[in-house]
Amino acid sequence: MTTTASLNVLLEKTSDWDKDERYMATNDLCTALSKDIKIDENMEQRICAAVLKQLDDQSNDVQSVAVKCLAIITKKVQQAQIGDVCKKLISLILEGKDALRDVYSIGLKTLIADVPDSMGALVSDRLTAKLLSGISRQDAEDIQRECLDNMADLLRRFGHLNASAHHEIMSAVVKQLQSDRAVIRKRAAHCLGALVVVSSDALLNSLVQILLEGIEASTSATSQSSRTLIQTIGTISRTVGYRLGRHLERIVPLFLRFCGDPEDENQQNDAANELRESCFPGLESFVLRCPKEVVPFLPDILQVAVGFMKYDPNYSYDSEEEGSDGDKMSVDNDDDNNNNDSDYEGSDYGDEDQGGGSDDDDASWKVRKAAVKVILAVVQARPDLLSDTWNACGLQLVRRFKEREENVRLDIMHCFESLIQASCSSGNGNGTASSSAAAAGAGKKAGAAPSSSSSSSAVIGNKTGRTSLAALLECASNGNNNKVVQAVVKACCDHLAGTNTSAKTKSAVFALLRALVSALNGGLDRFLPKLMPLLEKCLADKNQALKLDALVFLRCLLEHHSPSALQPHLLKPLDAVVVIVQEDWYKVIAEALRVLTAMVPVLRPIDAQSGFFVDNFPAFKPCVQKLFKAVWPRLDALDIDQEIKEGAIIAMGELLSHAGDELSAHVPAVLAVYKKRLENETTRSSTLKAVATLARSSIQLDLSSFFTATASDLAMFLRQASRSLKQLTLQTLEAVVSASATQITTAEAEVILTEAAALISDMDLHLSHLSLQLANAMLTKAPAVAGPAVATHIYPKMLTLARSALMQGQAQLSLIRLFQSVVRANLPSLTYEHVFAQLYSTSSSSGAGAGAGLTKQGLSNLSKCVAGIASSSPTTINQSLQRFTADLNNTSADESQKQLALLCLGELGHQQDLSSIPNLQNILLQSFESPLEDTKLAAAYALGHIAVGNTAQFLPILLQSSASSKHQYLLLVSLKELVVAFAQQQLDFASHLSAVLPLLLQQCRSEEDSVRAMVAECLGVLTTMLPQQVLPVLLQLNADPADTLARRMIAHALRFSLSRSASSPAALVAITTEMHQFLPLLQDSDLDVKKAALLMVNTAVHHNPSTVEHHLGCAIIPALIVTLQTKEERIVDLGPFKHRVDDYLPLRKIALTCLETLLDESPEKLDLASLVQVIPLVLADKDELKTQAHQILCKLSAHSPTLVAGIVEQLIAPLTKTIGKKPAAKDPSAAAASGVSAPTGPEADRALDLVKSALRAVLAVNAIDDIANINRKWAEFADKVKKDEFTAEIVRALENEKAFEGNY
């Protein structure tokens, strides 16, 4: 235990004559102070004096431990001692020994870094004036240097506490930019960079004005003063670049001018290069930090960057000219058929010392490296301008792959790879489907006629980014995208063939080629004769990292190219990979096994149409033996890495599924190993995947013995807690059972179906679907064997699911199929009559009918099952129809029973012609008079679906009834069901359009919202089916400015159509072409029309973003911004009180939803710089909008952190207000004592959820790199949130939640 006496002893020893004693005493003092001890004021003074004295010690070791001790003292002593220590240290720096000044400076830096925040004001007051005096001393360079360093640290830590001194600090430091000493100028620039982070906008503007005037007044661009001022602006831009946006009109042209001309020999010197090294980082910072303001200058910036990317005045390249488009860029077709690589043997392309000799003093590579970083910044900051970037830089980057400096070359390749990846991101999804159609629409709007080919070419490549990248490659090569690919492959092959090319460069080549192959989904077929031999050499290289990269690239080639293109070149790479499988490093072994897995379907591909193998590769059989001999030892071994085990299991499964007939003698041994691997939890999942692959093979391997040996184990897997294991097990069992060679016994069926039945529940529909699918496979395969188990364990669960309101999708389809299989199996206890009776006539509990107590959706689901078994044969159809009509004619029947009968009629009528049923029309129309709304809707559903079975007879009846009946809404529901059924089955509705359209147009102006909604949905579906006929009608309706109801209906109709157009390319193209005529609805004066238009845009963005992508900047984004900024409040007088209503609140909700959808689907096409400005406003809006606003802020922080950093100070106030809405205290007495009316119950839960949402947004913003230095106020706010008693616990929980999600 440390006592005062022990401290006194240590203090005495700090003055001992022996330096070792002094060192040990100071070190022990440091250790003692680190403990939780209390010392009085007198002891604090003595300790501080002793430690400060040690800073003057002659021993460097004693000085270093004294500095360490000083860091601990600052956290232990009181303010008075901190003030004395500050005074002493700064006086030592200004007046102490010259030889020890650096030690004093380190001590002061330590104090500034470690002193508690509560003492920041004291430290700042004590040091600022003294440091300024030291900075102004022109006669002592070392004093100036240390004072500038410490001033920068002080400003970073406590600069916000001495705002009154900022102007004086700026004036003093700016003067040092004119110093003769480079080190002083550099420290002054860094100090100003720290100052502007905490300074006001006025002071920042003043500083920038001074710097720009100094630059403009400079007589020489390469003078020291000019370079210093440019470096200072670059430093400022890297710290607060977003605040420099207003000055870019002056800054960027100056920077570009000072970069000069790369061809001017007078500027090819070290001074000019040093200036460029300062300019390009500044330009990079402007692009990243001010992406919106820099757009007008991007063409010039790219032009200069590309020019200096090629700037190498001291080196002569022997290859083709920079701008040459001649034959050297092409690949000779004759060479493509030649499998030798003599052209590349001994190539020195990319070698470090070719062309100009070694020049250690040549620093021009730094300029080239900085220029490449500017191009990369443009790619990352403005993905919406990729077309321009490809134009300016695409081929130029490829031609610079020959760069002699490796670190620059790697940056160039990385830049080109990023350009490819950004192009794929911008074209991914459905966004590229109708780009040309949208362009045609834009041209039509401008009065130009679209080309005849625009529509037909618009739908090519709808589901990948290939179309987008191909278009950009054409843009970069004047319409010949093969030119860029040829140039890339040629340059990459040259590097791979280079005798002195480093492994790093070759790895970069493979990464680039992998990105290109993935983006183009192949595209290198004609280059394989050149690539494969070079790839083979890399596979034999001693460098393990290079070998791993080569394997990954080879797997990428195998997965993205056709077998016919790959087979002629596979033999040697296969031998190389087989050798690698026998090596020692687990990573290359595992990757080699994955390569062999991908190689198997290439050696023996499967014909997509017939499902049979295509045996057209002569060397297939020898290759199969090699593969087996390579994989088997790894599969059979136990003491190997987990990754290798999994790779070997999957590889062997793929091999046997394609070549089991050639390896039939080895199949039992492999299955025996698989059985053992199933017993191991770590290899269980991969083994299940491999067994499923074997079972699905067209070779039809006999897995009966394996199934018999493992059935009980597989059944037990269904009891495990892991949901993924249950899924894999069910899928594997279904595949094994479905295999034609598999034999099933009663015992196996019993044990498996018993466990599968436990998973059948509407709480997990996917597991239910898999379990039902398994039961169906077993019952279909062996009805006599599996029937009893199905009847006992599965059937009761089926009856429960049939009545569930949650059933949908694949689970429902699997349930209906299993009911049909049960009926077809004709089991003794489950005949058709028995099953129909239980589904239709037996109540679940009360005996009041099958529909008693069921929800509307439950009845609908039950009707699908009843109709499914009723349609088994003509006899069952007739029996069931008689029962349904009898119930409908029975006036005493329960209404729920009638609803079920109507729904069943609809389901059957969808599949059969029911016109033979006598008086069916009157039965259905009489049901419209039912007192229950659900019965009416069921009748409407039935009439619509019955009309599908015989449209010619029932559609006229429906239309005639609609013209004269009072039930227009119900008849429109029937019509909607008919039209939707035609669309789903892709039937031709053109012959009926002329009869239906007049009715819809007649009702589109109905005063009833429900009628107009049905009309809108009908027109939307018709637009999907017949766009050329329906869209002109919608355009004609849209032309009437006074018809508000019609315009609202049009927007809803387009919304329904756009949600379905993914399966109708023609409708997608047509809507895209005419979209510009519907978007003015966003500006409509009627709020309901505007709301409908916003919903339409949101649907378009979510389902088919290509339809609106060309209108985002000119129409949609401005409309969203205006909507989010608009409030339209009115006072409603309710008698005793008045209520304020904001009519624009629903519109702002939809606009915010649309904005979030745009961020999810097409963030690269948005002007985020404009959108981000409305975020503070939305954060301060109603609570109903805040949660979604917080989510958008989180996404923006991840996608565009620079833009969020620009508005971070505006976020503090609304977030503070939201976080301050604390729910009620757990202790009621505490809440009462506070005197605050806090929310309780559900309201308290909502308030807590809102606080959590706001805190997630705070954490997301706080994760932005260097945000604490960018804005000190935000740093203080975030720190306060984390320390607050109420929010600290929530923040910790959210951080743990985020860490958990990151791990999974």
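Here, every reference points to the structure presented above.
The notes below deal with the structure included here. All chains use their own residue numbering, which begins from 1 and follows the written sequence. Restriction of local features to residues with pLDDT of at least 70 applies here, the model being predicted, together with a cutoff of 80 or more for giving and counting side-chain atom pairs; totals for whole chains, interfaces and linings are based on all residues. Side-chain metrics in this entry use all non-hydrogen atoms of the structure; hydrogen atoms and water are not considered.

Section: the overall build of the protein
Then step 1. Where helices and strands are cited, they refer to DSSP runs of H or I of at least four residues and of E of at least two residues respectively, numbered from the N terminus. When its secondary structure is counted, the protein shows 65 helices and 2 strands.
Then step 2. The burial tally for the protein puts 55% of its 1304 residues in the buried class. Under the scheme applied here, a residue whose accessible area is under 20% of the maximum for its type counts as buried, over 50% as exposed, and between as partly exposed, the area being computed with a 1.4 Å probe on protein chains only.

A look at the side chain of Lys-936
Then step 1. With respect to the secondary-structure elements, Lys-936 resides in helix α45 (residues 933–949).
Then step 2. In this tally, Asp and Glu contribute negative charge and Lys and Arg positive charge; neither His nor the terminal groups of the chain are included. Should a side-chain nitrogen of Lys or Arg be within 4 Å of a carboxyl oxygen of Asp or Glu, the pair is scored as a salt bridge. The side chain of Lys-936 is buried and forms no salt bridge, while Glu-933, the nearest opposite charge, is found at 4.0 Å.
Then step 3. Setting aside residues up to four positions removed in sequence, Lys-936 forms contacts with Ser-927, Phe-928, Ser-930 and Leu-970. Note on contacts: a residue pair qualifies if any of its non-hydrogen atoms lie within 4.5 Å across the two residues.

Thoughts on the packing of aromatic side chains
Then step 1. When the centres of two rings from Phe, Tyr and Trp lie within 6.5 Å, Trp using its six-membered ring, the rings pair. Their planes under 30 degrees apart give stacked, over 60 give edge-to-face, and anything left gives tilted. Considering all chains together, one arrives at 14 aromatic pairs under this definition.
Then step 2. Aromatic side chains Phe-280 and Phe-308 sit 5.6 Å apart centroid to centroid with 65° between the ring planes, which places their arrangement in the edge-to-face category. Linking Phe-280 in helix α14 (residues 270–289) with Phe-308 in helix α15 (residues 298–309), this pair joins segments that are 28 residues apart in sequence.
Then step 3. According to the relative accessible area criterion, Phe-280 is buried, its value standing at 0%.

Re helix α17 (residues 364–381)
Then step 1. Expected span of a helix, by definition, is 1.5 Å for each gap between consecutive residues, and there is one gap fewer than residues. With 18 residues, α17 extends 26 Å between its outermost C-alpha atoms, agreeing within 8% with the 26 Å of an ideal straight helix rising 1.5 Å per residue.
Then step 2. Where burial is concerned, most of α17 is hidden: 13 out of the 18 residues are buried.

Focus on the state of the cysteines
Then step 1. For this text, the term disulfide refers to a pair of cysteine sulfurs within 2.5 Å. In this structure the tally under the stated criterion is 0 disulfides.
Then step 2. The closest cysteine sulfur to the non-disulfide-bonded Cys-279 is located on Cys-259, 4.4 Å from its own sulfur.
Then step 3. Taking the relative accessible area as the measure of exposure, Cys-279 reaches 0% and is therefore buried.

Looking at the nonpolar core
Then step 1. To form a nonpolar core, buried Ala, Val, Leu, Ile, Met, Phe, Trp, Tyr and Cys residues must be joined to one another through side-chain atoms within 4.5 Å. One finds Tyr-674, Phe-819, Leu-975 and Trp-1274 to be the most contacted residues of the largest nonpolar core, which totals 435 residues.
Then step 2. Per element, the largest residue contribution to this core is 12 residues, and it comes from helix α29 (residues 586–603).
Then step 3. Not counting the four nearest positions on each side in its chain, Tyr-674 is found in contact with Leu-635, Ile-649, Met-652, Gly-653, Thr-687, Ala-690, Val-691, Leu-694 and Phe-706.

Looking at the packing of helix α41 (residues 856–870) against helix α43 (residues 895–911)
Then step 1. Packing of α41 against α43 leaves a shortest axis separation of 8 Å and a crossing angle of 50°. Classified by the interaxial angle, the pair formed by α41 and α43 is oblique. α41 and α43 meet at a crossing whose hand is right-handed. Between α41 and α43, the residues in contact are Leu-859, Ser-860, Leu-862, Ser-863, Lys-864, Val-866, Ala-867 and Ala-870 and Ser-896, Gln-899, Leu-900, Leu-903, Cys-904, Glu-907 and Leu-908, respectively.
Then step 2. Think of it as three bins: nonpolar holds Ala, Val, Leu, Ile, Met, Phe, Trp, Tyr, Cys and Pro, charged holds Asp, Glu, Lys and Arg, and polar takes everything else, Gly as well. Residue classes in the contact of α41 with α43 are distributed as 9 nonpolar, 4 polar and 2 charged. The convention used is that axes are lines fitted to C-alpha atoms, helices contributing only their stretch in contact, and that angles between N-to-C directions extend from 0 to 180 degrees. With respect to orientation, any angle under 35 degrees is reported as roughly parallel, any angle over 145 as roughly antiparallel, any angle of 65 to 115 as roughly perpendicular, and every other angle as oblique. In this scheme, a crossing is called left-handed if the near helix is turned counterclockwise away from the far one by less than a right angle; it is called right-handed if the turn is clockwise.

A few points about the pairing of strand β1 (residues 1129–1133)
Then step 1. Criterion used throughout: strands pair if DSSP finds at least two bridges between them. When β1 meets strand β2 (residues 1138–1142), the two strands line up antiparallel, connected through 5 bridges. When the bridges of β2 are listed, Arg-1130 appears paired with Val-1141.
Then step 2. Linkage of β1 to β2, two consecutive antiparallel strands, is achieved through a turn of 4 residues, within which Gly-1135 is found at a positive phi near 85°.

Notes on unusual backbone geometry
Then step 1. The residue Asn-826 is not glycine, and still its phi comes out positive at about 50°.
Then step 2. Within the secondary structure, Asn-826 is located in the loop between α39 (809–825) and α40 (832–841).
Then step 3. If you check the backbone angles, Gln-986 has positive phi at about 55° while not being a glycine.
Then step 4. Tracing the backbone shows Gln-986 in the loop between α47 (968–984) and α48 (990–1003).
Then step 5. On the basis of relative accessibility, which here comes to 65%, the residue Gln-986 falls in the exposed class.

Topic: the packing of helix α28 (residues 571–581) against α29
Then step 1. The N-to-C vectors of α28 and α29 enclose an angle of 145°; their axes lie 9 Å apart at closest approach. Crossing of α28 over α29 shows left-handed handedness. Between α28 and α29, the residues in contact are Leu-574, Val-577, Ile-580 and Val-581 and Val-588, Ile-589, Ala-592, Leu-593, Val-595, Leu-596, Met-599 and Leu-603, respectively.
Then step 2. Class assignment for the residues of the contact of α28 with α29 results in 12 nonpolar, no polar and no charged.

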